[in-house]
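What follows is the residue order along each chain.
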Amino acid sequence: MKISTSFLFDRATERMSTIQNKLATTQAQMAVGKQILSPSAAPDQAAAIQRLKGEVQRQESHMRTLDVAMRRYTAEETALSSSNDLLIRMKELGIQAANDTLAPDDRKAIGVEMKALRNQLLSLGNTRDNSGNYLFSGTRVNTPAFAEDANGQVVYEGDQTQTRIPAGVERTVQFTRAGTDVFRRVVRDDGQAVGFFNALDQMIEGVNSSLTAKVQQGIADITQMHDSMTLSQAQNGSDQTVVQSQLDVLEETTLRIKSTLSEIEDLDYAEAVTRMNKEMMAMEAAMGSFGKISSLSLFDYIRG
């Protein structure tokens, strides 16, 4: 079998080109830290990587939504707790004002403190979250939940719409809350329903005017308000527990998906370095062989 010089050159060139391409690929992989440099290099792996990346994005998007909800619940929790404390103090003052031994001026002094507490409650009703949205306006998050009209009466300016967000398999939690569900109107023994702040104003008026019956009614009203506020606190705590549990599940799931993605996508640097060293040695050997082949000719064989 005759082997021409051009054939030897072609074979040597082809071998060096193959080794050089492999070496360049390994170096490129090490530069970016990825096994796959283009989808065409490994279509099946590339498809799996895109699917896993999409799942990670979906999980992280859900987590961001739940993080916003948790921050909102935390702000609500603070507002509800503070409101309950103020109601307890108002009830204490009401019981004190109902004492027949107090002079009218003493009751008026109590009325001044109660008015301040009422204004604090109104401020808490218009609490905003970290994004500047009103917590208790329903979906009208840019509108203060409560405002005083021309007669000094507090009116609710939010809406009753409730939005919910998914928090687990077939489970949702309330995201927006109507102020009237928190600062609820009271229903008296005669069946009359009175707004939260209107009931407080009537009680303060009773204290200032030394009207014991109004004060007693106010004490009963505040007891009802306190029960409603406590119920709202319990709901808030329940929602926080559900959301935190779902966040834990999502974090664990995301970590597992990222681990699988890393196994498919990320480069094993130890293996890559070993492979690159082998390819460099093969390249040196091929270049050495090519140098020897390129220096040979027919006359060298004749002289030999």
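Anything mentioned here points back to the structure above.
Only a predicted model underlies this, so the values are computations on that prediction, with no experimental measurement involved. (Residues numbered from 1 in each chain as written. Predicted model: local features only at pLDDT ≥ 70, side-chain atom pairs only at ≥ 80, totals over all residues. Heavy atoms only, no water.)

Q: Would you explain the packing of aromatic side chains in this entry?
A: Aromatic ring pairs are reported here in terms of the distance separating the ring centres and the angle at which the planes meet. In total, this model carries seven aromatic pairs according to the counting rule given. On the numbers, 5.7 Å between centres and 80 degrees between planes, the contact of F136 with F183 is edge-to-face. Of this pair, F136 sits in the loop between α3 (104-125) and β1 (146-148) while F183 sits in the loop between α4 (179-182) and β5 (186-187), and the two are 47 residues apart along the sequence. Note on accessibility: F136 and F183 belong to one class, buried. Residues F183 and F197 carry aromatic rings whose centres are separated by 5.9 Å and whose planes lie at 25 degrees to one another, so their mutual orientation is stacked. Here the residue F183 occupies a position in the loop between α4 and β5, and F197 occupies one in helix α5 (residues 196-208), the gap between them amounting to 14 residues. Judged by its relative accessible area of 3%, F183 falls in the buried class. Judged by relative accessible area, F197 falls into the buried class, the value being 3%. Grouped by ring-pair contacts, the aromatic residues F136, F146, Y156, F183, F196 and F197 constitute a single cluster. One Lys or Arg, R72, reaches over the ring of F175 and ends 5.3 Å from the middle of that ring. (Phe/Tyr/Trp six-rings, centres within 6.5 Å; stacked < 30°, edge-to-face > 60°. Helix = DSSP H or I, 4+ residues; strand = E, 2+ residues; numbered from the N terminus. Buried < 20%, exposed > 50% of the residue type's maximum accessible area, 1.4 Å probe, protein only. Lys NZ or Arg CZ within 6 Å of the ring centre and 35° of its normal.)

Q: Help me out: how do you make sense of the nonpolar core in this one?
A: One broad rule of soluble globular proteins: the nonpolar side chains tend to lie buried together. In this structure, F196 and F197 are the most contacted members of the largest nonpolar core, which totals 37 residues. Sorting the residues of this core by element identifies α2 (43-97), α3, α5 and α6 (212-265) as the ones contributing at least two each. Considering every element that reaches this core, the biggest residue donor is α2, with eight residues. Membership of the second largest hydrophobic core comes to 12 residues, among which are M63, L66, A167 and L247. (Core = buried A, V, L, I, M, F, W, Y, C linked by side-chain atoms within 4.5 Å.)

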